[in-house]
2 protein chains.
Amino acid sequence: MSLDDVLARIDTDLPAAMERLMDLLRIQSISTDPAFKSDCDKAADWLVSDLNSMGITAEKRPTPGHPMVVGHVGQDLGDDVPHVLFYGHYDVQPVDPLNLWNTPPFEPQIEDTPNGQVIRGRGASDDKGQLMTFVEACRAWKEVHGSLPCRITFFFEGEEESGSPSLIPFMQDNADELKADLALICDTSMVSRGVPSIASQLRGMLKDEFTITGPRIDLHSGHYGGPGLNPLREMSKIIASFHDEDTGAVTVDGFYEGVHEVSAEQLRQWQNCGFDEAEYLNSVGYSQPHGEKAYSTLEQQWARPTLEINGLWGGYNGAGSKTVIPSEAHCKITCRLVGDMDPDALRDKIRAHVQQRLSPDATVTWDNDLEGSPAPVMNIARPEFEAARGALSDEWDREAVFTGMGGSIPIAGFFKSVLDMDAMLVGYANDDDAIHSPNEKYDVKSFHKGIRSWARILDALTRT
Amino acid sequence: MSLDDVLARIDTDLPAAMERLMDLLRIQSISTDPAFKSDCDKAADWLVSDLNSMGITAEKRPTPGHPMVVGHVGQDLGDDVPHVLFYGHYDVQPVDPLNLWNTPPFEPQIEDTPNGQVIRGRGASDDKGQLMTFVEACRAWKEVHGSLPCRITFFFEGEEESGSPSLIPFMQDNADELKADLALICDTSMVSRGVPSIASQLRGMLKDEFTITGPRIDLHSGHYGGPGLNPLREMSKIIASFHDEDTGAVTVDGFYEGVHEVSAEQLRQWQNCGFDEAEYLNSVGYSQPHGEKAYSTLEQQWARPTLEINGLWGGYNGAGSKTVIPSEAHCKITCRLVGDMDPDALRDKIRAHVQQRLSPDATVTWDNDLEGSPAPVMNIARPEFEAARGALSDEWDREAVFTGMGGSIPIAGFFKSVLDMDAMLVGYANDDDAIHSPNEKYDVKSFHKGIRSWARILDALTRT
């Protein structure tokens, strides 16, 4: 079956594909707000209907929240062709503050910008536009060849922007139906404009919270200032001890166990990925990176673990002053985990670090309800990853890069933990897409070349 | 004129004096609550009437808040006798939580306790009981000798428990009338039970507040965790740098300028003042003092300056976790000042300390509206102090002590700054009097020997 014919069909059909996307964007599928429940339902119906129109079996499946959409195509191709699951979400973020939008969020428009045409509207990038790149690629394959090159399971969620409460139960209840060789997820960005990216390195998470108690009660800073142990000072001392001022490294004993150095090939890709370090730093007010000095900014963000203070409080914070030595100081921390770092072991190490540094008369208590998750493993040794990288490089005329991501994408971990299925994250969004913000947009180039990219990837997967 | 006759009269009259105090305690003169405005007025009237009944000129003087009471006696004695002003306050703290009182707060009672009889009720110790020790001493002198040994100005305030808003304007407007050789203030405690005390060393205060800003906006700890400068860590580093872990001393350059070592004689008195270090520390959960290791607990509390963190906050402090690197961290500090420490110079030193330690990309802003006040100077070289110490030692059969106080008593400073008048602080309260708390009490022994003490002090002052 000829890929060239499929790509040509995609080019010809682009205006119609944009119309279909704008149709979907007009549906106000804000999942977090109950007022838009029927709109979420409508978006699910729209997708079922669109898949059906291509001759793909698809159904809306109820959940306690918004429905899932599950579709299947290519079962007749037999077990010799690859079987992939494609995941996307049809729900969108709320649109407030509405007054900051230049056009109505649910009246999508095509606009010319210095970076080319964009489709403006809520969900254009996150995730309706990205989702539709895959659907349109499938449509082109179907229209040109009457069938797809792979078996495909479609899996669309309507609760991604509101915490995915139904996702894991639904995956568990429908495990047999959803299981495939590999999950494809289209909800990520390119590392920089025009540089095709496969997110292959994500970070895990450890959360903890602790309270340091000094005196039994809040004290008068006149009566006890001097002899009194102040838990705010104690807390500051502990927090300051977490990092080495000179190297920027975390000082917790054994913190870096399970951290692997980035391979030379990976580093080479990152050095050439077009990441604009100055822009990344300057845009938020930094003139330089502030992490581990032995590592580049990208490594600090993608490949190195962190111990971060997310909240710190104690004593008086109202207007004026209060002469108090408070009884308690509180701190919330999160760690970003990489490689094989074990969140449970790490929690113990951090707690021991704090315990060992406490002054006499200070005590620490820990919140026991906070979870941890290891770094999701992207199995880039699988041949599908290199195949997809080749396909993306061909389409964008630029070497595709296995990038890292500083954050966590839970769905990738769920496919592994619930369905024992590896996932591959490919997305065409740009950092300036304003997802979750007013005036969200998706580049027409991302949409067009995204569709072509998936067409190529599906083709390439048949040769792995 | 015989002191012995006066003391004998005080002993005989004690039951009547206690009845008078209980009369005054029945008046619900809570100054902070407008609902008790007429009660405050009634307490002022009661005092005017009581002074008048002894043949002392006294008037209620209006202010924008609760009235002052000003009285005079002994003008006919001429300039050869000392002229003292006596200050006390007739207003009391609110009584909530009412359910924690074992008896109604404004129905005073005499109770037997393991430490002897007490007068139980709101204001018994703070400050109606203490105030009346002086009034009763004057009454005894008047009744026995027809006159007092000194010229006396009485100055009673009704807003001490609600911030004294009218005090300074009233002192300024009536400076000529209020000016005397020395102010006597009876609103302090004895350093330990049965140890007569003159508070001769108080601490001043410097307040400041600062914000450290890192990134321009709150950041996602996945996207920026690693390269991102976290102001909470920056703040902790700064706070941790304020003290030397080994010595407990403040590390701010020049912090101790103007601090004087305590004299050997003073130290001797303190070592023998009956201060129960273990009780002081254990009662709030400390097993040891945590201040400057080179100084005793009492010196840390009375004679050494502090830099204390009273409030610290930034980032997320709600339930659960938030993966944020906040833009700002905030801190409130107060310093307790001793000796000749200059609050303005000290503020500059602290600000320089912070500025010098900031990382690149971190900035600090300061609150400019917070005041400072130097340590009030108690002029214990004046002969009246040694005279009073002798009188107190005679009465309590125990060497009286020039003590320190960790806190600040603003009125002492006001007599100096507004009226250029030294003040002497003598009080008979005990630390277990529960002032400001439910079940406030005043030991009958404090009341009785307090009256006798003032009778002796007035006598002793005539020989200075």
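What this report covers is the structure whose coordinates are included nearby. All values reported here derive from a predicted model rather than from experimental measurement. (Residues numbered from 1 in each chain as written. Chains lettered and ligands numbered in written order. Predicted model: local features only at pLDDT ≥ 70, side-chain atom pairs only at ≥ 80, totals over all residues. Heavy atoms only, no water.)

**Observations concerning the sheet that holds strand β5 (residues 116-120) of chain A**
All names here are of chain A. The antiparallel open sheet is built from 3 strands, whose spatial order is β4-β5-β18. Because the sheet does not close on itself, it has two edges, and the strands there are β4 (109-113) and β18 (441-443). For this sheet, the mean angle separating the axes of adjacent strands, direction not counted, is 35 degrees. Pairing analysis gives 3 bridges linking β5 to β18, with the strands arranged antiparallel. Looking at the pairing, I119 lines up with Y442 of β18. Lying on the sheet, helix α13 (residues 444-461) is in contact with β5 and β18; it crosses β18 at an angle near 55 degrees. (Pairing = 2+ DSSP bridges. Helix = DSSP H or I, 4+ residues; strand = E, 2+ residues; numbered from the N terminus. Axes fitted to C-alpha atoms, helices over the stretch in contact; angles between N-to-C directions. Contact = heavy atoms within 4.5 Å.)

**Re the state of the cysteines**
Where two cysteines share a covalent bond between their sulfur atoms, that bond is called a disulfide. Residues and elements named next belong to chain B. Taken as a whole and judged by the stated rule, the model has 0 disulfides over all chains. Looking at the unpaired C138, the closest cysteine sulfur is the one in C150, lying at 8.8 Å. Here C273 is not disulfide-linked; the sulfur of C186 is the nearest cysteine sulfur, at 19 Å. For C273, a relative accessible area of 0% corresponds to the buried category. (Disulfide = S-S within 2.5 Å. Buried < 20%, exposed > 50% of the residue type's maximum accessible area, 1.4 Å probe, protein only.)

**Re the interface of chain B and chain A**
As a measure of interface size, the accessible area lost when the parts come together is often cited. Every contact between the two is made by 68 residues of chain B and, on the other side, 68 residues of chain A. Of all residues in chain B, P227, R233 and Y286 of chain B bury the most surface against chain A, accounting for 12% of the area lost on that side. Where chain B touches chain A, the interface holds 2 salt bridges. Residue K237 of chain B pairs with E245 of chain A through a salt bridge whose shortest N-O separation is 4.0 Å. At the boundary of chain B with chain A, the tally comes to 46 residue pairs in polar contact (both at pLDDT 80 or more). Among the secondary structure elements, those contributing two or more residues to the side of chain B that touches chain A are β9 (204-213), β10 (219-220), α6 (231-241), α8 (277-282), α9 (297-302), β11 (306-315), β12 (324-325) and β13 (328-337) of chain B. Looking at the side of chain B that touches chain A element by element, the count peaks at 9 residues for β11 of chain B. (Buried area = accessible area lost by both parts, 1.4 Å probe. Salt bridge = Lys/Arg side-chain N within 4 Å of Asp/Glu carboxyl O. Polar contact = N/O pair within 3.5 Å; in protein donor to acceptor, adjacent residues only side chain to side chain.)

**Re the sheet that holds strand β4 (residues 109-113) of chain B**
Residue and element names in this part refer to chain B. Strands sit in the order β4-β5-β18 across an open sheet of 3 strands; the sheet is antiparallel. The open sheet has two edge strands, β4 and β18 (441-443), and neither has a second partner. Averaged over all pairs of adjacent strands, the angle between their axes in this sheet comes to 35 degrees, without regard to strand direction. Relative to strand β5 (residues 116-120), β4 runs antiparallel, the two being bridged by 5 bridges. Bridge pairing in β5 places Q109 opposite R120.

**Overview of the packing of helix α2 (residues 37-53) of chain A against helix α3 (residues 128-145) of chain A**
Packed helices, taken two at a time, are described by the angle their axes make and the gap between the axes. Residue and element names in this part refer to chain A. Between α2 and α3, the least distance of the axes is 10 Å, while the angle of their chain directions is 20 degrees. As the angle between them shows, α2 and α3 are arranged roughly parallel. Viewed along their axes, α2 and α3 form a crossing whose handedness is left-handed. Residues W46, L47, D50, L51 and S53 of α2 touch α3, and the partners they reach there are L131, M132, V135 and R139. Residue composition of the contact of α2 with α3, grouped by class: 6 nonpolar, 1 polar and 2 charged. (Parallel < 35°, antiparallel > 145°, perpendicular 65-115°, else oblique. Left-handed = near helix turned anticlockwise from the far one by under 90°. Nonpolar A, V, L, I, M, F, W, Y, C, P; charged D, E, K, R; others polar.)

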